[in-house]
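Chain residues, written in single-letter form:
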Amino acid sequence: MTKHRALVTGASGLLGRAIMKDFCASPDWDVLGLAFSRARDGLKKVDLSDKNAVTDVVNDFKPDVIIHSAAERRVDVIEKTPEAAKKVNLDATQFICEAAAGVKAWVLFISTDYVFDGKNPPYKVTDEPNPLNLYAKSKLEGEKITLRVNPDNGVLRVPILYGEIEELSESAVTVLFAKVKDTSCKAPMDAKLLRFPTLVDDLGFVIRKLSERRLEDPAITGIFHWASDEVMTKYDMAMNMAKAFGMSTDHIVPETSSASAANRPENSQLDCSRIEELGICKRTKFSDCIVNILKPFL
Ligand SMILES: NC(=O)c1ccc[n+]([C@@H]2O[C@H](COP(=O)([O-])OP(=O)(O)OC[C@H]3O[C@@H](n4cnc5c(N)ncnc54)[C@H](OP(=O)(O)O)[C@@H]3O)[C@@H](O)[C@H]2O)c1
């Protein structure tokens, strides 16, 4: 049987590593992962803001599917240097989609629940976005580019992610553990913004299944949502981590007015029924996996 070919951008990142793991474990796929500063372990170094480099790698590999996970996603960095977001989130997306069109590859652009303002959840794939910060605006623009270059492409919006990490700061979930384990200092944690922390391994599975369905059915196009169904504030996540390791929780303080919450949606819960109706589903409980993820950082 001929294998399908998947090109994964951002393959060295938090989500990209999980996508690579899932696709590489399947006998049905040949996979090429792209990275930039962390191009190691078989990943190919390509600067996605270099149009010629993008065109060359797409023409050489001739993928059936491109999972475009690479992004500048640090909200605070983008507020200070918006050009960084333009290069990776917009220009690179344009180059990838144009090159994909040339080899008839399907592009799945990974986007964010932050495209919504969080005032009227849960959000259906047909609901109108209203991004509150520059990061979210750039991701919404990336969605539009993806669907403008080829309306048959796909967009997958996902919420806050966590999973196997190289350092605690790699995920907005695991970064909380640095404060949780330092019981000598008060640890204020946001207790207002509602989040649906989603395990990247679950997403790797969902993305592979969605890609396989797309190759069977050309009607798999447009916008999709995927998220965990467990609602938690950062305070809940921190308490859950402390309890999982039998640590004191006395220093963890709920906070309802943090400055960093100002330009973030209060509750951008995603309605995931479009993917569920395809019979695709994988949701791991937070408390079932967080210990193994954090154990190396105790
Ligand atoms: N993390 C979250 O909580 C979250 C939430 C919602 C949506 N998302 C979306 O999910 C996707 C994956 O996020 P993530 O957390 O996995 O991101 P990440 O860990 O920050 O990884 C970013 C990836 O982009 C690559 N990259 C950046 N600039 C590049 C360039 N010029 N050329 C080539 N590659 C470049 C990086 O490569 P190197 O490291 O090798 O340089 C890295 O692999 C993004 O589209 C993000 O917007 C993430």
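Provided above is the structure to which this section pertains.
Q: What am I meant to see in the pattern of salt bridges here?
A: Any two side chains of opposite charge can pair if their charged atoms end up close together. In total, this model carries 19 salt bridges according to the counting rule given. The shortest N-O distance in the salt bridge between Asp 22 and Arg 208 comes to 2.3 Å. Pair noted here: Asp 22 is in helix α1 (residues 14-25) and Arg 208 is in helix α7 (residues 200-216), with a separation of 186 residues, a long-range link. The exposure class of Asp 22 is buried, given its relative accessible area of 16%. On the basis of relative accessible area, Arg 208 is assigned to the buried category, the value being 13%. Put simply, Arg 17, Arg 38, Arg 40, Glu 166 and Glu 170 are held in one network by salt bridges that share partners.

Q: I would appreciate a short explanation of the packing of aromatic side chains in the present structure.
A: Any two aromatic rings considered together are summarised by their centre-to-centre distance and by the angle between their planes. For the structure shown, the criterion picks out five aromatic pairs. Ring geometry for Tyr 162 versus Phe 286: centroids 5.1 Å apart, planes at 55°, classification tilted. Of the two residues, Tyr 162 sits in strand β7 (residues 161-162) while Phe 286 sits in helix α10 (residues 286-294), which places them 124 residues apart along the sequence. On the basis of relative accessible area, Phe 286 is assigned to the buried category, the value being 1%. Seen from their ring centres, Phe 177 and Phe 245 are 5.3 Å apart, and the 40° between their planes marks the pair as tilted. Highlighted residues: Phe 177 in helix α6 (residues 176-181) and Phe 245 in the loop between α8 (234-244) and β11 (252-255), separated in sequence by 68 residues. Assigned by exposure class, Phe 177 and Phe 245 land together as buried. Lying across the ring of Phe 61, Arg 5 places its NZ or CZ 4.3 Å from the centre. Here the guanidinium or amino end of Lys 45 rests over the ring plane of Phe 36, the centre of that ring lying 5.2 Å away.

Q: Please explain the site of the ligand as it appears in this structure.
A: Within the structure, the ligand sits among 27 residues, and Ser 12, Ser 37, Arg 73, Tyr 135 and Lys 139 are positioned closest to it. Here an oxygen atom of the ligand and a side-chain polar atom of Ser 37 are 2.7 Å apart. Here an oxygen atom of the ligand sits 2.7 Å away from a polar atom, N or O, in the side chain of Lys 139. A total of 920 Å² of accessible area belongs to the ligand in isolation, and the protein chains cover 90% of it. Those elements that place two or more of their residues in the shell around the ligand are α1, β5 (106-112) and α5 (134-149).

Q: Could you clarify how one ought to interpret α10 in this entry?
A: In an α-helix, one turn spans 3.6 residues; hence positions three or four apart end up facing the same way. By the burial criterion, the buried members of α10 are Phe 286, Cys 289, Ile 290, Ile 293 and Leu 294. One side of α10 carries all its buried residues, which in axial view fall inside an arc of 125°. Turned more than 90 degrees away from the buried face of α10, the exposed residues are Asp 288 and Asn 292. Taken together, the buried residues of α10 touch β7, α6, β9 (198-199) and α8.

Q: Would you mind showing me how to read the nonpolar core here?
A: Soluble globular proteins: nonpolar side chains tend toward being buried together. Counting residues in hydrophobic clusters, the biggest one holds 65 residues, and the most contacted among them are Ile 67, Leu 156, Val 180, Leu 210 and Met 241. Broken down by element, this core gets its largest block of residues, six residues, from α1. Contacts of Leu 210, omitting those with residues within four sequence positions, involve Trp 106, Leu 108, Ile 220, Phe 224, Ile 275, Leu 278 and Ile 280. In this structure, Leu 34, Val 46, Ala 92 and Val 107 belong to the second largest nonpolar core, which totals 19 residues.

Q: Explanation requested: the environment of Arg 208 in the structure shown.
A: Separated by 72 residues in sequence, Arg 208 and Ile 280 place their C-alpha atoms 10.0 Å apart. Engagement of the side chain of Arg 208 in a polar contact is seen with the side chain of Asp 22, the distance being 2.3 Å.

Q: So what exactly am I meant to see when it comes to the packing of α1 against α7 here?
A: The packing of two helices is summarised by the inter-axis angle and the distance between the axes. Two elements in contact, α1 and α7, have axes separated by 8 Å at closest approach and are oriented at 55°. It follows that α1 is oblique to α7 by the angle criterion. In this structure, α1 crosses over α7, and the sense of that crossing is right-handed. On the side of α1, the interface is formed by Leu 14, Leu 15, Ala 18, Ile 19, Lys 21, Asp 22 and Phe 23, while α7 contributes Val 200, Asp 201, Leu 203, Gly 204, Phe 205, Ile 207, Arg 208 and Ser 211. Taken together, the residues of the contact of α1 with α7 break down into nine nonpolar, two polar and four charged.

About the cut-offs
The residue numbering used here restarts from 1 in each chain and proceeds along that chain's sequence as written. With the structure being a predicted model, the display of local features is reserved for residues of pLDDT at least 70 and the display and counting of side-chain atom pairs for 80 or more, all residues being used for whole-chain, interface and lining totals. For the side-chain quantities, the full set of heavy atoms in the structure was used; hydrogens and water were omitted. Take a side-chain nitrogen of Lys or Arg and a carboxyl oxygen of Asp or Glu: if they are within 4 Å of each other, that pair is a salt bridge. Secondary structure follows DSSP: runs of H or I at least 4 residues long count as helices, runs of E at least 2 residues long count as strands, and numbering of each begins at the N terminus. Note on exposure labels: buried denotes an accessible area under 20% of the residue type's maximum, exposed denotes more than 50%, and partly exposed covers the range between, all computed with a 1.4 Å probe on protein chains only. Stacked, tilted and edge-to-face pairs are distinguished by plane angle, under 30 degrees for stacked and over 60 for edge-to-face with tilted covering the rest, among Phe, Tyr and Trp rings (Trp via its six-membered ring) whose centres lie within 6.5 Å. Each ring is checked for a lysine NZ or an arginine CZ that lies within 6 Å of its centre and within 35 degrees of its normal; such an atom marks a charge sitting over the ring. Neighbouring residues are identified by heavy atoms, a residue being near a molecule or strand if any of them is within 4 Å of it. Whenever a nitrogen or oxygen atom comes within 3.5 Å of another N or O atom, the pair is scored as a polar contact, on the condition that within protein one atom can donate a hydrogen and the other can accept it, and that pairs from neighbouring residues in sequence are kept only if both atoms are in side chains. Residue exposure ignores everything except the shown protein chains as possible cover, and the areas themselves are Shrake-Rupley values with a 1.4 Å probe. An arc is given here, and it is the one of the directions from the helix axis to the C-beta atoms. We call two residues in contact whenever any of their non-hydrogen atoms come within 4.5 Å of each other. Joining through side-chain atoms within 4.5 Å is the link that ties buried Ala, Val, Leu, Ile, Met, Phe, Trp, Tyr and Cys residues into a set, and such a set is a nonpolar core. For helices, the axis comes from a line fit to the C-alpha atoms of the stretch in contact; other axes are also lines fit to C-alpha atoms, and the angle between any two N-to-C directions lies between 0 and 180 degrees. Angle categories are assigned with fixed cut-offs, so that under 35 degrees is roughly parallel, over 145 is roughly antiparallel, 65 to 115 is roughly perpendicular, and the rest are oblique. Left-handed describes a crossing in which the near helix is turned anticlockwise from the far one by less than a right angle; the clockwise case is right-handed. For this classification, the nonpolar set comprises Ala, Val, Leu, Ile, Met, Phe, Trp, Tyr, Cys and Pro, the charged set comprises Asp, Glu, Lys and Arg, and every other residue, Gly included, is treated as polar.

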